[in-house]
Structures are given as structure tokens and as C-alpha cells.
Amino acid sequence: MTPAHAPAPGAVHVRARGWGWRHAGRRAFAARRLDLDIQAGERVLLLGASGAGKSTVLHGLAGVLGSSDEGEQEGELLLDDAAPAAARGRAGLVLQDPETQVVLARVGDEVAFAAENLAVPRDEIWQRVGRALDDVGLDLPLDHPTTALSGGQKQRLALAAVLAMEPGLLLLDEPTANLDPDGVLEVRDAVVRVLERTGATLVVVEHRVAVWADVVDRVIVLDAGGGVLADGAPAAVLGQERTRERLAAAGVWVPGWQPPVGGPLPGTGGEVLLSSRDLTVARTKRGPAAVEGLEIEVRAAEALSITGPNGAGKSTAALTLGGLLRPRSGRLDASEALAGTAGADPFRWRSSQLVQRIGTVFQEPEHQFLTATVTEELEFGPRRVGGGYDPRRTADIAERLRLTHLLEANPFTLSGGEKRRLSVATMLATAPRILILDEPTFGQDAGTWAELVTLLRELIHDGVAVLSVTHDTEYIAELGGATLRIADGAGRLVAQ
Amino acid sequence: MSNDYLTPVLTGKTLVRANPVSKLFAAVAITLALLVSIDWVSAAVVLTCELALMPMLGISVRGLARRIWPLLVAAVIGAYGTALLAEKTGGVLLDVGPFLFTEGSVTAGIAVGLRALALALPGIFILLTTDPTDLADALAQKLHLPHRFVLGGLASLRLAGLLVEQWETLGLARHARGIGSDSSIVARTRNLLGQSFGLIVQAIRRATRLATAMEARGFGGGTRTWARESTYARLDAVVAVVGLLIAAGAMTAAVLAGTWNFILS
């Protein structure tokens with residue numbers, strides 16, 4: 001295949017011959033029997049089901065899988081004619097989470113870091129820093145603190161930081177999975193601009209295909225069983241009915257297709273469970289207020305979705321509504337229907353009272369795992385509430401969330417989708433009337449997404465109020481109900 | 001947030017511009033002077049000089065007190081404990097039941113309290129006036145410490161700052177699961193242990209991811225250049241000399257006052 005763009009002199013050619021990698025301590029290979037040639041300057045979108053080894057391939061190309069202590073390699077993987085680990089600086093990798101890849105405190109230093117590691121002379125480093133920041137469109141002073149950036153800016157910074165190596169191969173591992181819609185386009189456009197200038201080879205992994213389908217020359221689909229399932233121009237691969245079906249079945253977000261969801265269509269809401277008047281929320285006691293003047297009504301059997309850009313204070317609002325943070329000012333009242341014998345202020349409820357009324361599912365499921373097995377995890381809440389728990393209810397929830405075959409497993413060893421299901425299940429175990437979810441669909445494949453939406457629709461039908469912090473428009477549409485948009489420190493009801 | 005107390009003030013005051021190595025040198029000189037003699041005169045001289053240098057920090061006495069109050073409390077407790085337990089020499093100042101304070105024991109107590117403060121302040125001064133990145137640059141370029149060690153330390157310092165935030169998030173996440181303030185002491189202790197373990201797990205995962213990101217940017221190779229040059233200026237000579245003068249002055253004053261109390265004698 002010939003690339004549609006003129007390859008730059010430094011662009012990298014990738015060759016895999018029967019390549020595979022097995023992480024130490026795992027029985028199965030994460031990726032196997034991979035035979036590939038990616039021409040210098042080609043732009044490739046790498047797809048596959050969860051667990052098909054996409055990230056492993058990217059990490060292998062970046063040369064960060066580690067030594068033979070950390071796993072076993074078979075076959076051959078080459079950048080031009082060198083093993084990736086020996087080709088330091090030829091490949092630049094950007095990871096999914098904008099928060100976990102910032103190394104230094106200042107923007108300029110962060111970009112300079114990689115060039116320093118490659119022993120680039122000082123004068124040239126600062127030229128490269130300026131050029132890289134230009135390329136990604138980050139017009140910030142060099143001493144700007146890296147903590148004071150939005151998610152999209154952080155990802156563009158990560159991109160600039162690898163560009164300072166002048167890599168011939170750009171590797172992006174779900175670079176937009178954690179971003180709001182504006183951030184997604186910001187990062188995508190920055191990548192396109194960078195490729196136009198550098199002509200580097202691109203390999204990008206992303207669940208949401210539509211973002212990249214127009215940018216790439218070629219789509220490669222990895223088979224979960226090893227090897228390649230489909231390979232060709234985007235229109236050819238994504239246009240073939242058979243491939244589309246297989247991709248959809250594997251949980252890939254194929255453009256122009258949405259996974260079918262079940263469950264009854266949500267109707268109109270019932271009684272008010274929780275209401276706020278002129279509520280101001282803040283993350284810390286003395287820190288700045290996140291959102292002011294919130295007027296919210298949470299109704300039984302209705303969804304309420306909170307949207308808005310990254311960092312607008314959506315999560316802080318949700319934590320406050322969930323009785324976990326003290327309101328800075330204004331009122332937050334639980335109705336009698338929700339509070340029962342407890343008082344009207346959710347923040348003053350004891351933990352055991354809280355879990356019977358409001359369940360909050362955090363963005364990171366692992367933050368909420370407390371025990372060593374799935375069964376104990378499910379029984380934990382009901383036992384805390386006391387008064388004898390019903391083992392049938394636990395079994396019922398496990399059944400409903402397809403966790404029955406995992407009851408003896410350690411929660412931390414589950415897959416991403418399973419962890420998400422378990423974190424929802426643990427909250428449902430104490431039958432709260434309000435369920436709060438923070439970015440429940442971030443980085444989820446289409447299968448897990450459809451499963452979650454179906455479950456939430458059923459819950460709404462059963463009378464639960466589902467409050468979500470999200471910018472997933474399809475999710476909001478499927479759940480119906482009200483939408484609150486938070487931006488610039490204030491909230492506005494945009495749809496009912 | 002509470003971890004703000006550890007971040008540099010960096011208002012462009014004199015001491016901020018000095019190279020971290022010269023600041024370290026001055027601090028080490030002063031510390032050594034305080035360590036070789038246990039007496040109140042040398043400690044008082046050092047402490048006076050330190051407080052006189054406050055304007056170079058660009059921080060008010062109140063601002064400093066707000067950041068170091070736990071140290072003040074510790075110094076007072078240390079002084080009190082020493083005064084209570086030290087050898088009872090000299091005239092009796094207070095004698096109520098088991099509480100016996102004499103001139104000798106109170107002097108010893110004051111010496112311990114002053115020394116604790118005088119010892120702690122140089123470190124605090126460095127912390128408040130030094131950007132961690134500049135410190136890393138100086139340690140690697142001027143003292144030629146291995147760059148993997150220095151940059152690893154710098155990266156972990158950033159992660160340590162995030163621990164407070166992660167701890168709070170974990171606390172909220174666990175409260176939402178039903179673990180909270182309404183339990184017995186035993187349950188609370190177990191919860192604290194559980195939350196600590198959770199924090200460790202999260203910290204390790206985060207550190208692993210960061211290590212991957214660093215490795216993917218070519219970190220860990222043999223040679224490396226530095227984008228920022230760590231330099232010495234005339235100010236650094238001044239800082240070093242002032243440090244030496246304070247140390248020498250304190251020892252001289254103690255010897256002249258007759259309170260010199262060499263630690264090995």
C-alpha cells in the first residue's frame with residue numbers, strides 16, 4: 001500500500017513478523033501472530049475488541065514493554081531496521097489519561113524533557129520546544145504551570161512533549177477517550193496539523209472510530225485470537241457489511257451505527273427527591289467555589305444529565321448532590337420521600353443512611369473496591385446497613401449485571417467493563433433511590449456502553465432517579481429526562 | 001488545599017534567585033554549627049539571624065507562622081519536656097507536686113526549643129524559596145548527582161503533592177460505599193488502614209504509568225543534556241558566606257558567653 005501523503009525523510013517504516021507479547025505472569029499472549037507492514041508516512045487507525053492487544057502493540061512499537069523480566073516476546077517487530085527499544089526517540093507515544101503523563105511543573109520544561117533525554121544541544125532544545133508548542137497550537141508562556149491546563153490542553157501538551165523528539169512514528173493510545181467534545185476536536189486537529197508538517201507515520205488506537213476515520217489512510221483491525229481481522233482503506237474496511245458487523249460485535253464504535261439498547265423508554269418523572277436552591281458548591285473548604293446558584297430538582301423515575309466542559313465543576317456538583325461534599329452556601333434538601341427518618345440535609349447523613357438513599361458511582365471503579373471478592377463487594381453495603389440482608393437480592397443483582405460467573409474473583413483483576421458493572425452493582429445492592437454516576441461511559445467500548453444504558457433505563461423505569469455527569473450525547477438521548485449544562489461557574493437547565 | 005503549604009512562594013525575592021546549591025551549603029554550615037554544641041546562646045544567635053533574613057524570603061512572619069505552626073508547637077513541647085526532665089541544677093523556680101523546674105532545667109529546655117526551631121528554619125527557607133525543578137537542575141549539573149536519581153526524585157515529588165488530593169477522593173469514594181464516621185474506633189482504624197492501602201495501590205499504579213510516559217520520552221538513556229543551565233552568580237557567594245558567618249558567629253558567641261557545650265565532651 002502506498003501512502004497518500006509524501007513521506008518525510010525521517011518517517012518510520014514499521015514491520016512485524018509473527019510478533020507477539022505475553023506479559024510476565026499471564027498465561028495468554030496479549031498480542032500474537034502479527035504480520036504487518038506500515039509504510040513510512042502512512043496514517044493507520046488500529047482497531048479491535050477490548051483485549052485484542054491494541055495497547056500492547058502500541059507499547060511494543062514505543063519500546064516500553066520492558067525487558068524479558070516483564071514479558072516474553074516472539075517474532076520480530078522493527079522500526080525501519082531496529083528494535084523499538086534500541087530506536088530511542090524514533091517513536092513518540094501519547095497515552096490515554098491526560099492526568100498521568102505530565103512529568104514536570106512548567107509547560108516549557110515538560111516539552112523540553114524528551115529532547116533533553118535524547119541529548120539534544122541546549123539551543124536546539126528551545127527551538128524544538130517553540131516549534132512543538134506551535135504545532136499543537138498551545139500559545140502559553142513557557143513557565144505556565146502544567147496543572148492549570150484543561151484535559152484537551154494537557155493532551156496537546158503530551159503531544160508537543162513527544163514532538164520535541166522529532167519522532168518519525170507517532171503512536172496515540174486512545175488520546176481523546178477522556179475528553180469533552182471540544183477537547184476531542186482540539187487534539188484531533190492538532191495531530192492532523194503535526195502530520196501535515198512532519199510527514200511522520202501515525203498509528204492511533206481509539207474506540208470512537210468517527211473521530212479518526214477521515215484522517216487516516218488505512219484501518220487495521222486486530223483479531224482477539226491473534227493476527228489481523230481486516231486491513232485496508234477506511235471506506236473499504238468500514239464499508240464492508242461483514243466487517244462492520246464483526247467490528248460492532250467486538251465493541252468498536254463503527255461510524256453511523258449505535259449499539260442497540262434495551263429497556264423501556266423512560267417516561268415522565270415522579271415525585272421530587274432532592275432539590276437545591278441557590279446552591280454553591282466547592283471542592284475544598286477554603287478553595288474557590290466551583291459552581292454558583294444551582295437550582296436543581298432530582299425526580300424519581302427520571303434521568304438528570306449534567307454536561308459541560310472538562311473542569312467546569314460538574315463532578316463537584318455531583319459529589320455535593322450526593323451528600324459527600326458540604327455545600328458552600330444555599331440549600332440542598334432531601335424530600336421526605338427520600339430522607340425518611342433521616343434529616344433533610346444529605347451531607348449530615350451517616351454513611352449507612354446515605355447508601356440506602358443515594359449511591360454515587362465514581363469515575364474510577366477501583367476507588368470504591370473494598371474487599372477481596374466480588375461476592376463480599378456486593379454484600380458489603382447491605383451488611384453495613386444492618387438489619388439482616390437478603391442474599392437473594394445480592395444474587396439477583398449479580399445475575400442482572402452478569403457478574404455471577406465472577407463471584408469469587410478479585411475485583412481488581414476484572415476487565416474494565418466488568419469493573420464498571422461491579423461498581424454500579426455495589427451501589428444498587430443497598431437499593432438507593434438516587435444513583436449518581438460520574439462519566440460512566442468514558443473510554444467504554446460499544447458493548448459495555450449499550451449494557452450500561454440498558455440497565456439504567458430499567459432502573460429509571462423502576463423508579464430510580466439517575467443523575468449522570470457526562471458529555472456523551474447519545475447516552476443523554478437514550479436516558480431522556482432533564483439536562484443541566486454547567487459552564488463558567490454557573491448551571492443552566494437546557495432541556496427537559 | 002493543604003499541600004499548598006509545601007509549595008514554594010517564589011515571589012522573586014533575593015533568596016529565590018540564588019542557586020539551590022549555595023542555599024544548601026549555607027544551611028548545612030548552620031546545621032553543623034548547631035549540632036556540635038547544645039546551648040541556648042548559639043541557638044539564639046542563629047535564630048535571630050534567621051529571623052533577620054526573613055525579608056529575603058518575601059514572606060511575612062504571619063505567613064511563615066501559618067506554614068510552620070506544627071514546628072512551633074513541637075518546639076514548645078520539646079522545651080517543656082526537657083525543662084521537666086533535665087537534671088535539676090540551680091535555684092528552684094517552680095515546685096508543685098511532681099512538677100519541679102529549676103534554673104538549670106529551664107535553661108536546658110529553652111536551649112532545646114530554640115535549637116529545634118533554629119535547625120528547622122534553614123530547611124523551611126529552602127523549601128519556600130526553591131523551585132523543585134531548579135533544585136533538580138542544580139543537583140544534577142552542579143553536584144553531578146546521577147540524573148536518573150534526581151529526575152526520578154523530582155517526578156515523585158510531583159506525585160507526592162497529588163497524594164493529598166487522592167486521599168480525599170478515596171475518602172469520599174469509600175464514604176459513598178457506606179464506610180464513614182458512624183462506626184466504632186476499631187472499625188475506624190480498620191477503615192484507615194484500608195484507605196491507606198488503597199492509596200498505596202493508586203500511587204503505585206500512577207507511578208507506573210508515569211514511568212511508562214517518561215520511558216516513552218527517552219528517559220533512562222546514558223547521556224542527557226539540560227535545557228536550563230544551572231549557574232552561580234555573585235549572589236551565591238554572598239549566600240554561602242552569610243551561612244558561614246552565621247555558623248561561625250554562633251559558635252564564637254557561645255564560647256565567649258561560656259555556654260559552649262561540645263556534644264562529644
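Residues numbered from 1 in each chain as written. Chains lettered and ligands numbered in written order. Predicted model: local features only at pLDDT ≥ 70, side-chain atom pairs only at ≥ 80, totals over all residues.

Asks: Now, about the overall build of chain A: what can you tell me, with residues and values included?
Replies: Counting secondary structure elements, chain A contains 16 helices and 18 strands. Taking 496 residues into account, the globule formula puts the C-alpha radius of gyration at 23 Å, and chain A, at 24 Å, falls close to it. Dimensions of chain A, computed from the C-alpha atoms along their principal axes, are close to 70 × 50 × 40 Å. A burial count over chain A gives 54% of its 496 residues as buried. Restricting to contacts in chain A with at least 6 residues of sequence separation, those with at least 24 account for 74%. (Helix = DSSP H or I, 4+ residues; strand = E, 2+ residues; numbered from the N terminus. Rg over C-alpha atoms; globule rule 2.2 N^0.38 Å. Buried ≥ 20, exposed ≤ 12 C-beta atoms within 10 Å, placed from the backbone. Contact = placed C-beta atoms within 7 Å.)

Asks: Talk me through the interface of chain B and chain A; I want residue IDs and the actual numbers.
Replies: Facing 36 residues of chain B, the contacting portion of chain A comprises 46 residues. For the side of chain B that touches chain A, the secondary-structure elements that each account for two or more residues are α6 (132-141), α7 (147-176) and α8 (185-216) of chain B. Counted by class, the side of chain B that touches chain A contains 15 nonpolar, 11 polar and 10 charged residues. (Nonpolar A, V, L, I, M, F, W, Y, C, P; charged D, E, K, R; others polar.)

Asks: Could you give an account of unusual backbone geometry, with specific residues and numbers?
Replies: Residue and element names in this part refer to chain A. In the Ramachandran plot, Glu-166 falls in the positive-phi region, its phi being about 50° despite a non-glycine side chain. Within the secondary structure, Glu-166 is located in the loop between α4 (151-163) and β6 (169-173). A count of 20 C-beta atoms within 10 Å places Glu-166 in the buried class. Positive phi, close to 55°, is recorded for Ala-301, a residue that is not glycine. Tracing the chain through its elements places Ala-301 in the loop between β11 (289-299) and β12 (303-307). Of the residues examined, Ala-301 has 21 C-beta atoms within 10 Å and is grouped as buried.

Asks: Kindly report on helix α9 (residues 314-321) of chain A, identifying the contributing residues and their values.
Replies: All names here are of chain A. Of all eight residues that make up α9, eight are buried, and the element is covered over most of its length. Along α9, the positions that sit buried rather than exposed are Lys-314, Ser-315, Thr-316, Ala-317, Ala-318, Leu-319, Thr-320 and Leu-321. Where α9 terminates, the next one or two residues include Gly-323, which has phi positive at roughly 75°.

Asks: Go over the environment of Gly-41 of chain A with me, naming the residues and quoting the values.
Replies: If you trace the backbone, Gly-41 of chain A turns up in the loop between β2 (31-38) and β3 (43-47). Each C-alpha atom of the pair Gly-41 of chain A and His-13 of chain A lies 7.8 Å from the other, and the pair is 28 residues apart in sequence.

Asks: With reference to specific residues and values, describe helix α5 (residues 181-198) of chain A.
Replies: Residue and element names in this part refer to chain A. The end-to-end C-alpha distance of α5, which contains 18 residues, comes to 26 Å, matching closely the 26 Å that a straight helix rising 1.5 Å per residue would cover. Restricting attention to buried positions, one finds in α5 the residues Gly-183, Val-184, Glu-186, Val-187, Arg-188, Ala-190, Val-191, Val-194, Leu-195 and Thr-198. Buried residues along α5 sit in contact with β3, α3 (122-135), α4, β6, β7 (201-205) and α6 (210-213). The first or second residue beyond α5 is Gly-199, which carries a positive phi of 70°. (Expected span 1.5 Å × (residues − 1).)

Asks: Which residues make up the sheet that holds β2 of chain A, and what values go with them?
Replies: Residues and elements named next belong to chain A. The strand order across the open sheet formed by three strands is β2-β1-β4, and the pairing between neighbours is antiparallel. Only two strands of the sheet have a single partner each, and these edge strands are β2 and β4 (71-79). Pairwise comparison of adjacent strand axes, ignoring direction, gives a mean angle of 20° for this sheet. Pairing analysis gives eight bridges linking strand β1 (residues 14-23) to β4, with the strands arranged antiparallel. Across the sheet, the residue bridging to Gly-20 is Glu-74, located in β4. (Pairing = 2+ DSSP bridges. Axes fitted to C-alpha atoms, helices over the stretch in contact; angles between N-to-C directions.)

Asks: Residue-level account of the nonpolar core, with values.
Replies: Membership of the largest hydrophobic core comes to 174 residues, with the highest contact counts inside it found for Ala-160 and Ala-164 of chain A. Among the elements that take part in this core, helix α15 (residues 446-461) of chain A stands out by supplying eight residues, more than any other. Counting 36 residues, the second-largest nonpolar core is a separate cluster that includes Leu-15, Trp-40, Leu-114 and Ala-247 of chain B. (Core = buried A, V, L, I, M, F, W, Y, C linked by C-beta atoms within 7 Å.)

Asks: Before we move on, could you go through the sheet that holds strand β8 (residues 218-222) of chain A and cite the residues and values that matter?
Replies: Each strand in a sheet pairs with another by means of backbone hydrogen bonds, the pair being arranged parallel or else antiparallel. Residues and elements named next belong to chain A. Here six strands make up an open sheet; going across it, the order is β5-β6-β7-β3-β8-β9 and the pairing mixed. Two strands bound the open sheet, and with one partner strand each, they are β5 (91-94) and β9 (228-232). Taken over all neighbouring pairs, the strand axes of this sheet differ in orientation by 15° on average, direction set aside. Examined bridge by bridge, β3 and β8 share four bridges and lie parallel to one another. Its bridge partner lying in β8, Leu-46 is registered against Ile-220.

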